[in-house]
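What follows is the residue order along each chain.
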Amino acid sequence: MSHSTVPRSRTEAKSKTPREETPVASGDAAGPPGNGRSGKLSLKVRFRRDRVLLLMTLPAVVLVLLFNYVPILGNVVAFQDYDPYISDNGVVSILNSPFVGMENFQRIFEDSAFWNAVQNTLILFFLQLVLFFPIPVLLALLINSVVRPRIRAVSQAILYLPHFFSWVLVIAVFQQLFGGAGIFSQLLRQHGYDGLDFMTDPSTFPLLITAQSVWKDAGWGIIVFLAALASVPPDLYEAAAMDGANRWRRMWHVTLPALRPVIALLLVLRVGDALTVGFEQILLQRDMVGPGAAEVLDTFVWWNGVRNQDFGYAAAAGLVKGVVSLGLVLAANKVAHLMGEQGVYKK
């Protein structure tokens, strides 16, 4: 008579009861305490679990509310003939200033200086989007391709250094280089040519502003893209090289797809910031080329609100700029979703 040689433990493992083989539903009573029918934790349980993290973020939330959201209430002066000298208390001045409805907005849309500022702002935005935005990507790819770590670190430090300079220093450097008495003008005169003064030429002012922005802030963008490149697994490059891809093919099929989410996010933020093209930078050079070429929306608001004391009119212009910027962020984020990227927020 033959006897089974299968161990008892293996035989018992094969003969499981239906109860052991049936998976437990997410909404069963065996789940963690506080689960509802949908399997989600209740608000009380989540608050008890994350109370330490909530307390840590509370100071930052309070600061954001005080300095970012509470001042939004001051936009009511856009609908008033606001007079800050009614009282030493700003709230009392707002409450006692007469309402004028949409009169300030009507004045804005009928003001040719406002539309000139809009035109200059859009020109600078498109120039910076086409010329300034791709440069950090290209420089990051160039630095990432350097084999020696020491040369890579020195190049990154040199490119990042101008980010710490103030706009006063940046403009002074450009004045010494491209001004009427600058180095390039002196070299041209020494060789029998007429000197050039790019700093006071209204026709080249948009290119000058873009060049200053590239020189000052390209290093900051390089750090962002280099951080994204550091997250690319080296196995992808090795697999592409084994498949016969050269350096350009690896960059096109491995590096750029890895940078695409970061590029999409920064592009959405840049589009949302389209109407803000550099207040301090342009204000310092406004008198050299005149308001016709240098007036943008930020300087327009400052000039009318601070210099001309027309606060309601300036607030209306700033409110229009904010609403348009919000619309641009939403539209750019929608385009990012259509491209398959997350953008600023998920769907």
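What counts and what doesn't
- Residues numbered from 1 in each chain as written.
- Predicted model: local features only at pLDDT ≥ 70, side-chain atom pairs only at ≥ 80, totals over all residues.
- Heavy atoms only, no water.
- Helix = DSSP H or I, 4+ residues; strand = E, 2+ residues; numbered from the N terminus.
- Buried < 20%, exposed > 50% of the residue type's maximum accessible area, 1.4 Å probe, protein only.
- Contact = heavy atoms within 4.5 Å.
- Areas by Shrake-Rupley, 256 points an atom, 1.4 Å probe, with all protein chains shown as cover.
- Phe/Tyr/Trp six-rings, centres within 6.5 Å; stacked < 30°, edge-to-face > 60°.
- Lys NZ or Arg CZ within 6 Å of the ring centre and 35° of its normal.
- Core = buried A, V, L, I, M, F, W, Y, C linked by side-chain atoms within 4.5 Å.
- Axes fitted to C-alpha atoms, helices over the stretch in contact; angles between N-to-C directions.
- Parallel < 35°, antiparallel > 145°, perpendicular 65-115°, else oblique.
- Left-handed = near helix turned anticlockwise from the far one by under 90°.
- Nonpolar A, V, L, I, M, F, W, Y, C, P; charged D, E, K, R; others polar.
- Patch = residues over 30% accessible without salt bridge, like charges linked within 9 Å, V, L, I, M, F, W, Y side chains within 5 Å.
- Salt bridge = Lys/Arg side-chain N within 4 Å of Asp/Glu carboxyl O.
- pLDDT = per-residue confidence, 0-100.

Draft legend 1. Quick peek at the overall build of the protein. When helices and strands are tallied, the protein shows 18 helices and zero strands. Evaluated residue by residue, the protein yields a buried proportion of 28% over its 347 residues. Expressed as a percentage of contacts within the protein between residues at least 6 apart in sequence, the contacts between residues at least 24 apart total 62%. For the protein, the exposed area adds up to about 22700 Å²; of that, 65% sits on carbon and sulfur atoms.

Draft legend 2. Looking closely at the environment of Tyr160. Relative to the assigned elements, Tyr160 resides in helix H9 (residues 149-160). Given the relative accessible area of 18%, Tyr160 is considered buried. Spatially, the C-alpha atoms of Tyr160 and Gly219 are 4.0 Å apart, while their sequence positions differ by 59 residues. Contacts of Tyr160, omitting those with residues within four sequence positions, involve Gly219, Trp220 and Ile223.

Draft legend 3. Local environment of the packing of aromatic side chains. Throughout the structure, instances matching the rule amount to 17 aromatic pairs. Ring centres 5.3 Å apart and planes at 75° place the aromatic pair Phe114 and Trp115 in the edge-to-face group. Accessibility expressed as a relative area gives 43% for Trp115, which makes it partly exposed. Within the aromatic cluster, the residues linked to one another by ring pairs are Phe165, Phe174, Phe178, Phe184, Phe198 and Trp215. Across from the ring centre of Trp167, 5.1 Å away, lies the NZ or CZ of Lys216, which sits over that ring.

Draft legend 4. Representation of the nonpolar core in the model. If you look at the biggest cluster of nonpolar residues, it comprises 21 residues, and the most contacted ones within it are Leu124, Phe205, Val277 and Ile282. Secondary-structure elements contributing two or more residues to this core are helix H7 (112-132), helix H10 (167-178), helix H12 (205-230), helix H14 (247-272), helix H15 (279-289), helix H16 (291-294) and helix H18 (311-338). With four residues, the top contributor of residues to this core is H10. If sequence neighbours within four positions are ignored, Val277 has contacts with Thr121, Leu124, Phe125, Gln128, Ile282, Val296 and Asp298. Among the nonpolar cores identified, the runner-up in size contains 16 residues, and Ala78, Phe105, Ile108 and Ala315 belong to it.

Draft legend 5. Representation of the packing of H7 against H14 in the model. For the pair H7 and H14, the least separation of the axes is 11 Å and the interaxial angle reads 165°. Between H7 and H14, the angle falls in the class roughly antiparallel. Crossing geometry of H7 relative to H14 is assigned as right-handed. Contacts from Phe125, Gln128 and Leu129 in H7 reach Leu267, Arg270 and Val271 in H14. Taken together, the residues that form the contact of H7 with H14 break down as four nonpolar, one polar and one charged.

Draft legend 6. Expanded view of a nonpolar patch on the surface. Together, Leu55, Leu58, Val62, Leu63, Leu66, Phe67, Val70 and Leu73 make up an exposed nonpolar region whose accessible area comes to about 830 Å². With respect to the secondary-structure elements, Val62 resides in helix H4 (residues 51-69).

Draft legend 7. Structural context of the side chain of Ser185. Mapped onto the elements, Ser185 comes out in helix H11 (residues 183-190). Overall, Ser185 belongs to the buried group, its relative accessible area being 2%. Apart from the residues lying within four places of it in its own chain, the contact partners of Ser185 are Gly179, Gly180, Gly195, Leu196 and Asp197.

Draft legend 8. Local environment of the pattern of salt bridges. Scanning all chains against the criterion turns up five salt bridges. Linking Arg49 and Asp50 is a salt bridge whose minimum nitrogen-to-oxygen distance equals 3.1 Å. When its relative accessible area of 51% is taken as the criterion, Arg49 is described as exposed.

Draft legend 9. Here's a closer look at the confidence of the model for the protein. In the predicted model, the protein carries a mean pLDDT of 81, and 87% of its residues have values of at least 70. Note on residues 1-31: pLDDT under 50 across the span, and six contacts to partners over four residues away in sequence or across chains.

Draft legend 10. Inspection of the packing of H12 against H14 at higher detail. Here H12 crosses H14 at 140°, and the two axes come no closer than 9 Å. As far as their axial angle goes, H14 and H12 are oblique. Read as a crossing pair, H12 and H14 show a hand that is right-handed. Between H12 and H14, the contacting residues are Val224, Phe225, Ala228 and Leu229 on the first element and Thr255, Leu259, Val262, Ile263 and Leu266 on the second. Of the residues that constitute the contact of H12 with H14, the class distribution is eight nonpolar, one polar and no charged.

Draft legend 11. Here's a closer look at unusual backbone geometry. At Gln309, a position not held by glycine, the phi torsion is positive, near 60°. Mapped onto the elements of the fold, Gln309 is located in the loop between helix H17 (297-307) and H18.

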